Amino acid sequence: MKTLKHFSVLSLAAAAAISSSALLAPLARAETPNEQAALARIDDLATAMKHVNKIIEPTVVSIDVTKTTVAGNGLGQDQEDLLRRFFPDTDGDGEPDVPPGMKFHFGNGDGQPFKQQGEGSGVILDVKGDSAYILTNNHVAGGAEKIVVTLSDGRQITDAEVVGTDPRTDLAVLKVKGENLTGAKWADSDSIDKGDIVMAFGAPFGYVGSMTQGIVSALGRQAGILGRDGYENFIQTDCAINPGNSGGPLVNVHGEVVGINTAIASQTGAFNGIGFAIPSNQARFVYESLRDHGKVTRGFLGVSISDVTLLPGRAKAVGYTERVGAFVSEVKNDTPAEGKLQPNDIIVSLDGAPVSTANALRMKIATIEPGKDVKLGIVRDGKKETVELKLAAFPEDQKQASATGQKDHATANAGIGATLTDANANRLKSFGLPGDAKGALVTSVKAGSPGQLAGLEVGDLITRINGKDIANAEDASAAFKEAKLSEGVNVMIRNKDGTKSVFVQVEE
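Residues numbered from 1 in each chain as written. Predicted model: local features only at pLDDT ≥ 70, side-chain atom pairs only at ≥ 80, totals over all residues. Heavy atoms only, no water.

Colleague: Tell me about the overall build of the protein, residues and numbers included.
Modeller: A tally of helices and strands in the protein yields 10 helices and 28 strands. Considering the protein as a whole, with its 508 residues, one finds that 45% of them fall into the buried category. Taking the contacts inside the protein whose residues are at least 6 apart along the sequence as the reference set, 66% of them involve residues at least 24 apart. Only carbon and sulfur atoms are counted for the fraction: they give 51% of the accessible area of the protein, which is about 25,600 Å². (Helix = DSSP H or I, 4+ residues; strand = E, 2+ residues; numbered from the N terminus. Buried < 20%, exposed > 50% of the residue type's maximum accessible area, 1.4 Å probe, protein only. Contact = heavy atoms within 4.5 Å. Areas by Shrake-Rupley, 256 points an atom, 1.4 Å probe, with all protein chains shown as cover.)

In C-alpha cells form, the structure reads like this:
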C-alpha cells in the first residue's frame, strides 16, 4: 500500500510540474488524432460495460433465507468457510457436514435450535408467462425454510419454491412467480480464455445491484471446497467477489452468463483477489436437470483414474511417455467399464475430443446422459485403441470414479511390507472373491510400507507382477525379488470390487 501511495504522490507532483510548464510555454500541445482515437476506444469500452449492466441487472436477484440450525460454538463466516473446505455439504442442507459429536454450529446458544439468517444472490434464466426459474448456490438456498427474493426494481417475492439442489456442484434452482420478469442468456464457457474481460454481479455484504469488473485469471481450478465427491472445474477471476455474491452471475462483454459466482480464496473471509465461478456449461447442465427433473442424473463409467502427470513411473512402465491423459488404476465390477477397460489403460480421448486430465474426463462424463454410447481413445500396452461402451447412471450408493491425485510413492524400506499367502477357497470367499481364483492373497499390510503407500489392501489378490501371471504366494515372492523395486513394479490386483493396478516402488 505504501508503494501505491508513493507513486500517487509522484504522479500528482509530475502533473503539477507539467501544468506549471504549460503556463510558461508559448503554446499548449494539442492532442494528436491518434491520441483522440485511443481515448475514444476507452469510451467505447466504458459504454459497452454500461450496456452489459443494463442487460444483466434486471436478471439478478438478492436472496434472503431463513434456516433452522443448532446454537453451538458461535462460529462466524471465516470459520464456516474452513468447515466447508474440510467437511463439505453432501446431504443438501446447505451446511458443512461435521462429524457426529463436533458441535460446530452458528450462534451462541446451548445446543438449542434457532433461526439462522443468510443472504446470497441468484440469476433469472427462464421466464414463462408469470413464472421464472432462478439459479443460485446450494449453500445459499439448500435447507432453507423461508426464502425472500428481491428483484432489481425492489419488488419482493416471498413464496419462492426450491425446485432442486445439487451439493456436488453447489447449485440450486428456485421457482418464482411475478410479472415482467427478465431472464439472462447463457454463454459457452468452453469459448472463454485467460485474459477475457468479465463482470460479476450480485449483492456483496447486502449491497444489492453491485457490479465489479476484471478478467479471467485461470481456468479449470480445483479449490477443494466441495470435497472428493464434488465436481470442481472453476473459472478463476479477479473480479471482486465477497460474501453475498454467491449465486450471482459472472458475465462476458456481451452480457451473457459465463459462470456462477461461488467461492473465494481468502484468509480473512473477504475478497483477496481470487474468486471462483462455476463454468456456464457445467452450471447449465445441472440447472436444466434440476429444473426439469428436480435432480441431477450423471453418466457413470466405473473406473478410478488419475492424471498421467502424477504417475510418470507407472505410465512409463506401460509404454506411455506423453504428459496428457487419464490413467486407469481400477475398474469396478458390474459397471460399463468392466470388460472394456483395464487397469493401466490410459484414456486420451472421449468421442474424438482430447482428454488432458482425469478431472476433465470426469467432468465431461458427468454431463453425458446415461445410456448414451461413447468412444474412448486409449493407449494399452503402448498401442492406441478405441473402446466403445454405454454409460450407466451414476449410482448414488458408490463413490464416483474420481481423480485420486496420488503421486508415485517411495520409501527406504527394502521390502514391500505386505504378508502374502496362497489363495485357498475359504480365504478367497471370505474376501468376496471366487473360490477358484488364482494368485497371492494379501493378508496384512504394514503401515507406511511401500505396499501400503502404493495402495495394497488386505483382501487384494495379486494376479500379475510386471506382466507375469501369479498363481500363488511363492510366485509373487519370486517376482518381487527379480524385479527392480527402485524402478517400480506394476502389480495387477483383483478384489471384491473389481480389478485395479498398483505401482510399488522402493527408494534405494
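From this point on, the discussion continues.
Colleague: Explain the nonpolar core to me, using residue names and the numbers behind them.
Modeller: Leu125, Leu135, Val257 and Ile260 are the most contacted members of the largest nonpolar core, which totals 30 residues. Looking at this core, the elements that each hand over two or more residues are α2 (33-56), β2 (113-128), β3 (131-136), β7 (171-177), β9 (197-202), β13 (256-264), β14 (275-279) and α5 (280-293). Ile260 has contacts with Val123, Leu135, Asn137, Leu171, Gly247, Gly248, Phe276, Ala277, Ile278 and Ala283, leaving out every residue within four places of it along the chain. (Core = buried A, V, L, I, M, F, W, Y, C linked by side-chain atoms within 4.5 Å.)

Colleague: How would you sum up empty space enclosed by the protein? Please name residues and give values.
Modeller: Using a probe with the size of a water molecule, rolled over the atoms, empty space left in the structure can be pinpointed. Summed over the entire model, instances satisfying the criterion amount to two cavities of 30 Å³ or more. Counting residues per element, the ones that place at least two in the lining of the second largest cavity are α5 and α7 (358-366). The dominant element in the lining of the second largest cavity, judged by the number of residues it contributes, is α5, at three residues. Classifying every residue of the lining of the second largest cavity by side-chain character gives five nonpolar, three polar and one charged. (1 Å grid on protein atoms, 1.4 Å probe; cavity = no way out; pocket = protein on both sides within 12 Å on 5 of 7 lines; lining within 4 Å. Points joined across faces, edges and corners; volume = space filled by probe spheres on them. Nonpolar A, V, L, I, M, F, W, Y, C, P; charged D, E, K, R; others polar.)

Colleague: With reference to specific residues and values, describe α2.
Modeller: Taking 1.5 Å of rise per residue, the 24 residues of α2 would be expected to cover 34 Å, and the 35 Å separating its terminal C-alpha atoms lies within 8% of that figure. All of the buried residues in α2 are Met49, Val52 and Ile56. (Expected span 1.5 Å × (residues − 1).)

Colleague: Which residues make up the environment of Ala160, and what values go with them?
Modeller: Tracing the backbone through its elements, the reader meets Ala160 in the loop between β5 (156-157) and β6 (161-166). Spatially, the C-alpha atoms of Ala160 and Tyr133 are 9.6 Å apart, while their sequence positions differ by 27 residues. Ignoring anything within four residues of it in the chain, the contact list for Ala160 reads Ile147, Val149, Lys175 and Val176.

Colleague: Give me the packing of aromatic side chains: which residues, what numbers.
Modeller: Evaluated as defined, the whole model comprises three aromatic pairs. When the ring of Trp186 is compared with that of Tyr287, the centres are 6.0 Å apart and the planes differ by 55°; the resulting orientation is tilted. In this pair, Trp186 is assigned in strand β8 (residues 185-186) and Tyr287 in helix α5, connecting sequence segments 101 residues apart. Taken as a pair, Trp186 and Tyr287 share a single burial class, namely buried. Both rings, one in Phe300 and one in Phe394, keep their centres 5.7 Å apart while their planes meet at 80°; by these two values the pair is edge-to-face. Of this pair, Phe300 sits in strand β15 (residues 299-300) while Phe394 sits in the loop between β22 (392-393) and β23 (418-422), placing them 94 residues apart in sequence. The aromatic ring of Tyr231 is capped on one face by Arg362, whose charged end is 4.2 Å from the ring centroid. (Phe/Tyr/Trp six-rings, centres within 6.5 Å; stacked < 30°, edge-to-face > 60°. Lys NZ or Arg CZ within 6 Å of the ring centre and 35° of its normal.)

Colleague: Tell me about the environment of Pro343, and name the residues and values.
Modeller: Relative to the assigned elements, Pro343 resides in the loop between β17 (326-332) and β18 (346-350). The class of Pro343 is buried, set by a relative accessible area of 6%. When the C-alpha atoms of Pro343 and Val328 are compared, they prove to be 5.2 Å apart, with 15 residues separating the residues in sequence. In this view, Pro343 contacts Val328, Ser329, Val331, Met492, Thr499, Lys500 and Ser501; residues no more than four positions away in its chain are not counted.

Colleague: Which residues make up the pairing of strand β11 (residues 234-237), and what values go with them?
Modeller: Burial of β11 is two-sided: the residues Phe234 and Gln236 facing one way and the residues Ile235 and Thr237 facing the other way are all buried. Here three bridges tie strand β10 (residues 210-221) to β11, and the two strands are oriented antiparallel to one another. Within β11, the residue paired with Ala218 across the bridge is Gln236. When β11 meets β14, the two strands line up antiparallel, connected through three bridges. (Pairing = 2+ DSSP bridges.)

Colleague: Tell me about the pairing of β6, and please be specific about residues and values.
Modeller: Both β6 and β7 contribute to a ladder of five bridges, which runs antiparallel. Bridging across to β7, Val162 finds its partner in Leu174. Taken together, β6 and the strand that follows it, β7, pair antiparallel across an intervening segment of four residues, in which Asp170 is found at a positive phi of about 60°.

Function cannot be inferred from these measures alone, as they are strictly geometric.
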